[in-house]
Amino acid sequence: MTTCLGTGVEESWRNLLSGRSGMSDVTSFPIDGSKVLDAGEAAPFDESVSEHEKVFDRRERARKHLERACREALRNAGLDPEICPDPPRAALVLGSSLAASATSLEFWNAYIDRGPGEADYAMLRSYDVEPMIETICREFDIQGEARLVSNACAAGASCITLGADLLRLNRADFVICVGYDTLELHTFAGFHSIGALSKHPLHPFSKTRAGMKLSDGVGVVILEREKDARAAGRKLLARLLGRGESADAHHLTQPAPDGSGAALAMQRALDRANLKPYEIDFVSLHATATPSNDLAEYRALRTVFGEDTLRTLPLHAAKPALGHSLGAAGAVEAILSVLALRDQRIPPTLGVIDLEEEMGELSFLRNAEEHDLRAVMSNSFGFGGCNASLIFGVV
Amino acid sequence: MATAVITGIGIACPLGVGHEAFWSAFSSQCLDRDPPNHEIAPRSGDPEGVPAPRTGSVFLPEFQAERYADPRALRKVSDLTRLLTVASHLSLDDASFPEDRALRQETGVYFGTCFGSSAYHLEYHETLRREGVTGASALLFSHSVFNAPSGHVGQTYKLRGGNLTLVGGETIGLDAISDAADRVRAGIDRAALAGGADQYSPIVHASLHQSGLIGEHFAQAFDESPTAIAEGAATVLLEEADAARARHRTAYAEVAGSGRARAGKTGTGESALRRAIAAACDEAKINPSQLDLLICGASGGKTAPAQRVVLEALLSEAPDPVSITPKDRLGEGFAFTSAALLVIGALSFRYGVSGIGKPIPANRSALPSRVPSTVLIFSLNAGNGASAVVLRQPGPTDG
C-alpha cells in the first residue's frame, strides 16, 4: 500500500492510528487560481527521479508505485516478491478511475504551442492500459486472467469483488487485486470544476462539510481460497465473507438522496456473508465529506442498520487523513478494515465536528481504540452511481 | 451453476443498426473479394491538421441515435454514451425485457471500452491545458469518466445490479460479456446487459496510427499491416436459461465457456491464446474437434501471426469447421469489434454461416450452408492478452 501517510502498509497504518493527516500543499502540478491548495501527495517514489519524470511522466510514477506495492504484498504473503506462484493460475485485477486517461502534458504542450500537425501523437499513448497490464504481468509472470475495472471511486472495491469471482469460478487460484490512482491535474481540475473539493480540512458527516481532498493511493490485496492458503502455509489476515454491488440508477455525479443504491450494495454483502446487520462490528465509510454523499450514505446506513444500532456502531472515515484516492480508495480502505481486524483496533476519524442534524448520534472515535472486532464492512461509492460493499471477518 | 443465455442483441455501427440490418450488410460485404475502402469524411468540429489516416469505418456524428432510443436519454451525453444507449435499448427491446422493477433491480451492466468518451476527454484536456485549473469544464469532465456510459445506461433503464466498466485492449468487449455471463451463472445478477463500444476521434486515431496499432487502409486478417479503424457499439442481454424459458424467450445462444490468459514473463501471445481456448473448451465440456465455427479476431499487424498459427491448428483438429475473420470487414473497433465477434457468433445460430466469410485457408471450398452447433470466438490483444468464448446452440431447455 502507498498513501500520503506512508509508503508501505505499516507506515500508513501507524500514522493513521496516531491521528496524523497526510494533506500538504500540492507540488506535483500547477494549480494557479485554485482556491484549494492542498492534497494528499505520496512521497516521491525515488528521490533520484528526474524532474521530468516527476511532473510529466506520471504514468511511469503510477506504475512504479504499483509494482512496489505488489512486491510488498507478495512479501507479506511470505512469497518471492518477484514472481507469483503457479503463473498460469495467477490473475491480476486492477481498479482505477483514471485507467488509460491520457495525461501527457508534453503532447499537449506541443499540440497547442506548435499546432496539431507538429505534435508527436505516439506520446499521447492513448492505448495505455494494455502495455501497463502487460508490463505488470511480465514483471510478476502472471499468465492467467488480467483486467482493469474503471467504475470511478468504487473501482478499488470492485477489483476485489472481481478477484473473488475468479476464485469462486475456479478461473484462478491466486489473485492480485490492485486499486490505484495517482494525483493528477486532470482529476484535480475536474473535481474542482464541479465544486467537490474543499479548501478547508475535511469534516465528514458534519454540518460544515464542504467537500473533499484528492490524494495518491495504491492498495494491493492478495486473494486465495482459504483451504489453498492454509495448505501453502500462508499467514491469513482476514476472510472475505461477503460482497455486494449495485447501481443507484439516479444521476451521473450525485448519489440517490435516499441512499437506496448504497443500501442495496450493503444488504447484498450481508446476504452473501449470511450475516445480520447487528453482527457487523465496524464500518469503514466512503465519507467524502461532500454535502450530498455523506447524507445519502447516512440514510443508506440507517436503512440497513437501523437508527438504534447505528448510534453505537463504530464508524471510521479515512479520507480526512488519507484524502480521496479515487480508484484506489476502495482497496486502501479495505486494507484498513483488514488491519483493524488484525490489530483489533479502530483508527480515529479526523474532522468530525457537529454532526448533521438528521444523523443524530454516531460513533466516531477521536483516538484509536481497541475493540472486539469479528466482522467489518467497507463501503465505496462512485460516479455513475456505482456502489460496492465488502465484508471481512476474522480468521 | 446456472446456464447463461443470450436473449437480446443490439448493435449500432456503420454497417447497420439493429442485428438484422447489421447481419444483412455484414454477410453481403463478406461476398466481396476485396476489403472495404471507407473514407472518413471531414467532420465539423474535428481539429485541423491532425495527421490521422483518412480510411475507417465511422458514422458519428451523423448517426441519428434519436431514431432508435428515447431522445430524452440521449441529451447532453457523449457520443460513446449515445452509442451504448442505442445498443442497450435494442438489446432490451429485442429480448422483450420486462419493466419488472424487481428483475431490473438485479440486472447488471458490464461494458468494455478501450478509449472511453475520447472526444470529450481530449477536449477536456485541451481546455485544461489552455485555461488552467479554473477553466476546466465540469460537463466535459463528468461525461468523460470511463464509466459514464454504463452509469447512464443503468440510470436510463433502471438497472441496479452490478455496474462495471472494463478498460483494456482489443478483447475488452468480449471480456465484458464473459464476465457478465459469469455473474449470471453464479447468481450474482439475474440478468446482465453487456458489451463493448469505442468511438472514433482524430487525435486517438493519429496516436494509434503512429504507435503502429492501426493502418492506413483496411487490411486482411493476417496481413503484416494492421487494418483501419472502426467505431460502434455491440451489446447482448444475458439471462439465466430457466428464467428466459419462463418468459417464453428463444435464446440466441448459450455462453458455454470462456477463458482468458496472458503471456506473462515466460509465455507468448500464442501460448496465451492456446490456454485461453483450452480453458473455454474445458468449461464448455467440449473437445476442440467439436467446434464447427471459428471466429478469429485477427486484424492484421503484430498480433496476427499468433492468431493465424492457432487458427490453423484448430482447423487441423476439427473435421469440417468454418472459420471467419470478421475484422477484415468491420475494421478494428477495439471494444466494439470484440463484442461484435460474439454477436456474429450468436447470430450464426439463427442465420447460418453461409456467405459470412471467406474460407481460410483460401483454397478450401465454398462455405457449407448450415447452422453451427458450437462456435468459438477468440482474439489476442497487443498486450498479449488472449480471450476466448464458446457459444453453444441453445438446447430445447434454454429458452
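Every chain is numbered on its own, with residues counted from 1 as its sequence reads. By the order in which they are written, chains take letters starting at A while ligands take numbers starting at 1. It should be noted that, the model being predicted, local features are given only for residues of pLDDT at least 70 and side-chain atom pairs only at 80 or more, the latter also being counted only at that level, while totals for whole chains, interfaces and linings use all residues. Values shown for side chains rest on all heavy atoms present in the structure; no hydrogens or waters enter the calculation.

This part covers the overall build of chain B. When its secondary structure is counted, chain B shows 13 helices and 13 strands. Two things to know: the radius of gyration comes from C-alpha atoms, and the globule rule equals 2.2 Å times the number of residues to the power 0.38. For chain B, the C-alpha radius of gyration of 20 Å lies close to 21 Å, the compact-globule estimate for 399 residues. Taken along the three principal axes of its C-alpha coordinates, chain B extends 65 × 50 × 45 Å. The 399 residues of chain B split such that 67% are buried. Per-residue and other accessible areas were derived by the Shrake-Rupley procedure at a 1.4 Å probe size, with only the shown protein chains allowed to occlude residues. For chain B, the accessible area works out to roughly 12,900 Å², and carbon and sulfur atoms hold 48% of it. Each charge class in chain B was averaged separately, 35 positive and 42 negative side chains, and the resulting centres sit 3 Å apart. Numbering of helices and strands starts at the N terminus; helices are DSSP runs of H or I of at least 4 residues and strands are runs of E of at least 2. When a residue's accessible area, from a 1.4 Å probe over protein chains only, is under 20% of the maximum for its type it is buried; when over 50% it is exposed; and in between it is partly exposed. Residues scored as charged are limited to Lys and Arg (positive) and Asp and Glu (negative), so that His and the chain ends carry no count. The location of each charge is read from NZ of Lys, CZ of Arg, CG of Asp or CD of Glu.

Residue and element names in this part refer to chain A. With 8 of 8 residues buried, strand E15 (residues 375-382) lies mostly within the body of the structure. Pairs of strands are assigned from DSSP output, requiring at least two bridges between the strands. In this sheet, strand E16 (residues 386-393) lies alongside E15 in antiparallel orientation, the contact comprising 8 bridges. In the sheet register, Ser380 faces E16, and the bridge partner there is Ala388.

Let us look at unusual backbone geometry. Residues Leu60 of chain B and Pro61 of chain B are joined by a peptide bond in cis, for which omega reads -5°. Summarising the element assignment, Pro61 of chain B is placed in the loop between strand E3 (56-57) and helix H2 (79-94). Residue Ala152 of chain A is not a glycine yet carries a positive backbone phi of 55°. Of note, Ala152 of chain A is situated in the loop between strand E6 (146-149) and helix H6 (155-168). In this structure, Phe205 of chain A is a non-glycine residue whose phi angle is positive, near 60°.

Another aspect to go through is the sheet that holds strand E11 (residues 314-316) of chain A. All names here are of chain A. Spatially, E9-E16-E15-E10-E11-E13 is the arrangement adopted by the 6 strands of the open sheet, whose pairing is mixed. Single-partner strands in this sheet number two, and they are strand E9 (239-247) and strand E13 (363-364). In this sheet, E13 lies alongside E11 in parallel orientation, the contact comprising 2 bridges. Residue Leu315 lies in a different strand from E13, and its bridge partner there is Phe364.

Residues and elements named next belong to chain B. Relative to the assigned elements, Ser44 resides in the loop between helix H1 (19-30) and E3. The class for Ser44 is exposed, based on a relative accessible area of 72%. Spatially, the C-alpha atoms of Ser44 and Ala261 are 42 Å apart, while their sequence positions differ by 217 residues.

Next up on the list: helix H6 (residues 148-156) of chain B. In an α-helix, one turn spans 3.6 residues, which is why side chains three or four residues apart end up on the same side. Residues and elements named next belong to chain B. Across the 9 residues that make up H6, a large majority, 7, are buried. Among all positions of H6, only Ala148, Pro149, Ser150, Gly151, His152, Val153 and Gly154 are buried. Any two residues whose heavy atoms approach within 4.5 Å are treated as being in contact. Lining the buried residues of H6 we find H2, strand E4 (107-113), helix H5 (138-144), strand E5 (163-167) and strand E6 (191-198). Directly beyond the C-terminal end of H6, a positive phi value near 55° is found at Lys158.

As a further point, take the layout of surface pockets. Where empty space is left in the structure can be found by rolling a water-sized probe over the atoms. Definitions used for this entry: grid spacing 1 Å over protein atoms alone; cavity, a set of points where a 1.4 Å probe fits but cannot get out; pocket, an open set with protein on both sides within 12 Å along at least 5 of 7 lines; lining residue, one with an atom within 4 Å of a point. Grid points are joined across faces, edges and corners, and a volume is the space filled by probe spheres set on the points. Quantified by volume, the largest pocket comes out at close to 1,000 Å³. Under the convention adopted here, Pro, Cys and the residues Ala, Val, Leu, Ile, Met, Phe, Trp and Tyr are nonpolar, Asp, Glu, Lys and Arg are charged, and Gly plus all remaining residues are polar. Class assignment for the residues of the lining of the largest pocket results in 21 nonpolar, 2 polar and 12 charged.

Right, let's get into the pattern of salt bridges. The salt bridge definition used is simple: a Lys or Arg side-chain nitrogen within 4 Å of an Asp or Glu carboxyl oxygen. Applying the stated criterion to the full structure yields 49 salt bridges over all chains. Here Asp281 of chain A ties to Arg374 of chain A by a salt bridge, and the two come within 2.6 Å at their closest N and O atoms. Taken together, the residues span a long stretch of sequence, with Asp281 of chain A in the loop between helix H9 (260-273) and strand E10 (282-284) and Arg374 of chain A in the loop between strand E14 (369-370) and E15 at a distance of 93 residues. In this structure, Arg392 of chain B and Glu254 of chain B form a salt bridge, with 3.3 Å as the shortest nitrogen-oxygen distance.

Right, let's talk about the side chain of Arg160 of chain B for a bit. Note that Arg160 of chain B resides in the loop between H6 and E5. Of the side chains bearing the opposite charge, Asp248 of chain A lies closest to the buried Arg160 of chain B, which forms no salt bridge; the N-O distance is 5.0 Å. Any N or O atom pair separated by 3.5 Å or less is treated as a polar contact, with the protein-specific requirement of one donor-capable and one acceptor-capable atom, and with residues adjacent in sequence counted only for side-chain atom pairs. Reaching out from Arg160 of chain B, the side chain makes a polar contact with the backbone oxygen of Asp248 of chain A at a distance of 3.4 Å. Ignoring any residue separated from it by four or fewer positions in sequence, one finds Arg160 of chain B in contact with Ser246, Ala247, Asp248, Ala249, Ser260, Gly261, Leu264 and Arg268 of chain A together with Arg101, Arg104, Gln105 and Thr107 of chain B.

The next subject is the confidence of the model for chain B. All names here are of chain B. On average, residues of chain B score 92 in pLDDT, and 95% of them reach the 70 mark or higher. A residue's pLDDT is the confidence the predictor assigns to it, expressed on a 0 to 100 scale. The model gives residues 359-367 a pLDDT under 50, and that stretch makes 16 contacts with residues more than four places away or in other chains. Scored as a whole, the predicted complex attains pTM 0.96, and scored at its interfaces, ipTM 0.95.

Residues and elements named next belong to chain A. The terminal C-alpha atoms of helix H10 (residues 291-312) lie 23 Å apart, and with 22 residues this falls more than 12% below the ideal 32 Å at 1.5 Å per residue. Along H10, the largest kink reaches about 105° and is centred on Gly306. Buried within H10 we find Asn293, Asp294, Leu295, Ala296, Glu297, Tyr298, Ala300, Leu301, Val304, Phe305 and Leu310. Against the buried residues of H10 lie H9, E10 and E15. Here the expected length of a helix is defined as 1.5 Å per residue gap, with one fewer gap than residues. Fitting one axis to the seven residues ending at a residue and another to the seven starting there, the bend at that residue is the angle between the two axes.

Attention shifts here to the environment of Phe383 of chain A. Considering the arrangement of structural elements, one finds Phe383 of chain A in the loop between E15 and E16. Between the C-alpha atoms of Phe383 of chain A and Val220 of chain A, which are 163 residues apart in sequence, the distance is 22 Å. Setting aside chain neighbours within four positions, we find Phe383 of chain A in contact with Ala152, Phe191, Ile194, Leu252 and Thr253 of chain A together with Phe141, Ser142, Val145 and Asn147 of chain B.

This part is about the nonpolar core. The nonpolar side chains of a soluble globular protein tend to be buried with one another. Side-chain atoms within 4.5 Å link the members of a nonpolar core, which is a set of buried Ala, Val, Leu, Ile, Met, Phe, Trp, Tyr and Cys residues. The biggest cluster of nonpolar side chains holds 95 residues, and the ones touching the most others in it are Val175 of chain A together with Ile6, Phe22, Leu238, Leu342, Ile344 and Leu391 of chain B. Examining the composition of this core, we find that 11 residues originate from one element, helix H13 (residues 335-351) of chain B, more than from any other. Excluding residues that lie within four positions of it along the chain, Leu238 of chain B makes contacts with Val5, Ile6, Ile177, Ala180, Ala181, Val184, Ala191, Ala192, Ala194 and Val255 of chain B. The next biggest cluster of nonpolar side chains, apart from the first, holds 31 residues, and it includes Phe205, Ala273, Ala300 and Phe381 of chain A.

So, on to the interface of chain B and chain A. Taken together, the contact between chain B and chain A spans 76 residues of the former and 83 residues of the latter. Here chain B meets chain A over a buried area of about 6,200 Å², counting both sides, of which 58% is carbon and sulfur. By buried area we mean how much accessible surface two parts lose on assembly, using a 1.4 Å probe and totalling the loss over both. Sorting the residues of chain B by area buried against chain A places Val133, Arg160 and Arg262 of chain B first, and these three jointly supply 12% of that buried surface. Where chain B packs against chain A, one counts 8 salt bridges. For the salt bridge of Arg183 of chain B with Asp165 of chain A, the shortest nitrogen-to-oxygen distance reads 2.9 Å. Where chain B touches chain A, the interface holds 36 residue pairs in polar contact (both at pLDDT 80 or more). Per element, the largest residue contribution to the side of chain B that touches chain A is 8 residues, and it comes from helix H4 (residues 118-131) of chain B. Note: E6 of chain A against E5 of chain B, 2 bridges, orientation antiparallel. Directly across from Val149 of chain A, in E5 of chain B, lies its bridge partner Leu166 of chain B.

At their nearest, the axes of helix H7 (residues 185-193) of chain A and H4 of chain B sit 11 Å apart, and the two run at 90° to each other. Considering their axes alone, H7 of chain A and H4 of chain B lie roughly perpendicular with respect to each other. Contacts between H7 of chain A and H4 of chain B involve Leu185, His186, Ala189 and Gly190 of chain A from the first element and His121, Tyr124, His125 and Leu128 of chain B from the second. Counted by class, the contact of H7 of chain A with H4 of chain B contains 4 nonpolar, 4 polar and no charged residues. In this analysis, axes come from line fits to C-alpha atoms, helices being fitted only over the stretch in contact, and the angle between any two N-to-C directions falls in the range 0 to 180 degrees. Just so you know how the angles are binned, under 35 degrees is roughly parallel, over 145 roughly antiparallel, 65 to 115 roughly perpendicular, and the rest oblique.

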